[in-house]
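Inside the fold
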Amino acid sequence: MRFLVGDIGGSNIRLAVADHAGLKDVRSRPNTGQDSVIAAILEAGSVAGPFDGVGLGVAGPLKDGTI
């Protein structure tokens, strides 16, 4: 099984692919806004192939169900 895992902070986006062997394809880029996050996820997906699941930690407040 393969998962996309990541930390989306106020300054940086860090993404990796995790499987039974550990973390692979670790990527980091500055977080300049929503489009950057989407682009980073799509870029990781195109390199790693399909994912069985996604787990993301996101910095910031949750307001009315929106980050």
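Reading guide: rules and limits
- Residues numbered from 1 in each chain as written.
- Predicted model: local features only at pLDDT ≥ 70, side-chain atom pairs only at ≥ 80, totals over all residues.
- Heavy atoms only, no water.
- Core = buried A, V, L, I, M, F, W, Y, C linked by side-chain atoms within 4.5 Å.
- Buried < 20%, exposed > 50% of the residue type's maximum accessible area, 1.4 Å probe, protein only.
- Helix = DSSP H or I, 4+ residues; strand = E, 2+ residues; numbered from the N terminus.
- Contact = heavy atoms within 4.5 Å.
- pLDDT = per-residue confidence, 0-100.
- Patch = residues over 30% accessible without salt bridge, like charges linked within 9 Å, V, L, I, M, F, W, Y side chains within 5 Å.
- Areas by Shrake-Rupley, 256 points an atom, 1.4 Å probe, with all protein chains shown as cover.
- Salt bridge = Lys/Arg side-chain N within 4 Å of Asp/Glu carboxyl O.

Quick word on the nonpolar core
- In this structure, L4, I8, I13, L15, V37 and A40 together form the largest nonpolar core, which totals six residues.
- Of all the secondary-structure elements, those providing two or more residues to this core are β1 (3-8), β2 (12-19) and α1 (34-48).
- The contacts of I8, once residues within four sequence positions are left out, are I13, N31, V37, L56, G57, V58 and A59.

Quick notes on the confidence of the model for the chain
- On average, residues of the chain score 79 in pLDDT, and 85% of them reach the 70 mark or higher.
- Model confidence for the chain, summarised as mean pLDDT per element, is weakest for α1 at 67 and strongest for strand β4 (residues 53-58) at 89.

Looking at a nonpolar patch on the surface
- Among the surface-exposed residues, V54, L56 and V58 lie close enough to one another that they form a single nonpolar patch of about 230 Å² accessible area.
- Its place among the elements puts L56 in strand β4.

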